[in-house]
Amino acid sequence: LFLSLFAIMAIGLFTACADNSTLKMGAECTNKYLPKLKGQRVALLANHTATTEGKHILDKMLEEHIDVVAVVAPEHGFRGKADAGEHINSSIDAKTGLPIWSLYTAKSRRLTPEQVAQFDVIVVDMQDVGLRFYTYYITMLSVMRSAAEGGKSVVIFDRPNPNGMYVDGPILDMKYKSGVGYAPIPVVHGMTMGELALMANGEGWLKDGLKIPSQKLHVIKCKNYTHQTMYELPIAPSPNLPNMKSIYLYPATCFFEATPVSLGRGTDLPFQIYGHPNMTGYDYSFTPRSIPGAKNPPQLNKKCYGVNLSNMSDEEIWKRGVDLTYIIDAYRNLNMDDHFFRSFFELLIGTDYVRKMIKQGKSAEEIRATWQDDVEKFKVQRKPYLLYAE
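These notes cover the structure that comes with them. All residue numbers refer to positions counted from 1 along the written sequence of the respective chain. Per-residue local features of the predicted model are confined to residues with pLDDT of at least 70, and side-chain atom pairs are confined, for both listing and counting, to 80 or more; whole-chain, interface and lining totals are unaffected and use all residues. Remark: hydrogens and water are excluded; side-chain values derive from all non-hydrogen atoms of the structure.

### A word on the packing of aromatic side chains
Filter applied, for reference: Pairs were defined over the aromatic rings of Phe, Tyr and Trp, the Trp ring being its six-membered one, requiring ring centres within 6.5 Å. Orientation was assigned from the angle between planes: stacked under 30 degrees, edge-to-face over 60, tilted for the rest. Under the DSSP-based scheme used, a helix requires at least four consecutive residues in state H or I and a strand at least two consecutive residues in state E, with every element numbered from the N terminus. Working definition: with a 1.4 Å probe on protein chains only, accessible area under 20% of the residue-type maximum means buried, over 50% means exposed, and in between means partly exposed.
Per the stated rule, a full pass over the model turns up 16 aromatic pairs. An angle of 35° between the planes, with centres 4.3 Å apart, marks the rings of Tyr-33 and Phe-157 as tilted. Placement of the pair is Tyr-33 in helix H2 (residues 30-37) and Phe-157 in strand E8 (residues 153-157), with a sequence separation of 124 residues. Comparing Tyr-33 with Phe-157, the two get one shared label, buried.

Right, dumping it as structure tokens:
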């Protein structure tokens with residue numbers, strides 16, 4: 001039954017714009033958002049993924065004579081080419097001449113009061129991948145906090161979640177709140193950006209219970225989408241998630257970021273392979289190189305031995321979910337004890353018990369069982385904020 005659900009394609013349930021069976025992004029539903037933007041000073045939080053029908057949302061808004069005063073850029077920049085976590089200076093968009101306010105500067109990941117004063121409404125349009133440590137939703141919530149403090153409106157152009165068909169992983173212990181984990185949600189939360197925005201606002205997660213009034217927070221819904229819709233992203237959301245296989249394996253392989261093990265940055269298979277020069281007993285090998293989007297990857301120019309997961313079926317990846325089998329395999333093979341884990345591991349996994357259980361020799365299945373009750377509680381907690389059928 002679980003696997004059969006993934007084969008179900010969505011039928012039309014919502015009519016945010018013209019009624020037919022085709023999946024449509026929120027950004028395509030101009031009749032829903034133009035009345036909210038006309039006559040307003042608008043800031044746009046977006047990147048290269050904010051494209052529909054071959055046209056970027058910034059160009060569409062300018063064609064509709066929306067008064068866009070600035071572009072706000074998330075991690076990887078407005079054009080989506082920068083490395084993970086790379087500092088990006090604010091600049092000017094060469095095509096439109098608009099200022100680009102980068103939220104990945106060396107100093108801050110928040111809008112300043114001076115910037116907030118320049119707009120009435122901020123529009124959010126970015127393709128997320130539905131994971132707690134993927135930073136686009138964190139940037140959105142940071143901007144929402146600034147808008148709430150400044151009394152400004154937020155309009156979110158929703159997009160499907162490619163990992164929206166299930167919920168898995170431990171809930172973030174808020175003592176590990178960081179730039180890769182902002183809210184008490186599982187690793188795979190199964191929500192769209194719009195749904196997550198409503199939940200964060202409704203649950204008071206922006207800051208100390210701060211909320212945007214309901215009349216100032218709007219989600220322009222996707223049309224003909226459910227959480228079981230199998231949506232393939234037309235544009236890679238970031239440099240090291242080049243295809244759907246990387247996006248589907250990301251919930252299980254991202255934890256290698258907090259170890260010496262390479263997860264394939266600097267190769268053609270990022271997040272689809274893992275290995276280390278000292279891992280033994282494996283026939284598969286690869287050598288990370290310096291490439292655009294991965295200028296200085298772990299184990300640069302060193303031959304790594306390990307595992308290639310790229311031939312696993314999508315159905316098997318979905319079934320496994322947040323699978324710790326791979327990290328446990330590498331941990332046991334390298335025999336490095338605590339030298340295997342970096343403090344970043346807890347920030348990614350969101351809790352302290354996982355490292356302890358791995359060191360105790362527990363299996364992936366035993367560890368996964370510890371978070372199942374939390375996952376079920378979260379699914380009940382999020383239900384009032386869901387915009388689409390599960």
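Having seen it, we continue.
### Some thoughts on the sheet that holds strand E12 (residues 304-308)
As a reminder of what qualifies: We call two strands paired when DSSP finds no fewer than two bridges between them. In this description, a line fitted to the C-alpha atoms serves as the axis of each element, helices being fitted only across the stretch in contact, and the angle between N-to-C directions of two axes falls anywhere from 0 to 180 degrees.
With antiparallel pairing, three strands are arranged side by side in an open sheet as E10-E12-E11. In this open sheet, the two strands that pair with only one neighbour each are strand E10 (273-276) and strand E11 (284-286). Each strand axis lies, on average, 45° off the axis of its neighbour in the sheet, ignoring direction. Across three bridges, the pairing between E11 and E12 is antiparallel.

### Quick look at the nonpolar core
Short version of the rule: Only buried Ala, Val, Leu, Ile, Met, Phe, Trp, Tyr and Cys residues count toward a nonpolar core, and they belong to the same one when joined by side-chain atoms within 4.5 Å. Between two residues, a contact is recorded if the distance between any of their heavy atoms is within 4.5 Å.
Judged by nonpolar contacts, the single largest core of 100 residues is most densely connected at Phe-255 and Leu-324. When residues of this core are assigned to their parent elements, the largest contribution, nine residues, is made by helix H5 (residues 136-150). Non-local contacts of Leu-324, meaning those with residues more than four positions away in its chain, are made with Phe-255, Ile-349, Val-354, Ala-364, Ile-367 and Trp-371. Listed in part, the 24 residues of the second largest apolar core include Val-42, Phe-78, Val-123 and Phe-157.

Note that all results are geometric; they support no functional claim without further evidence.
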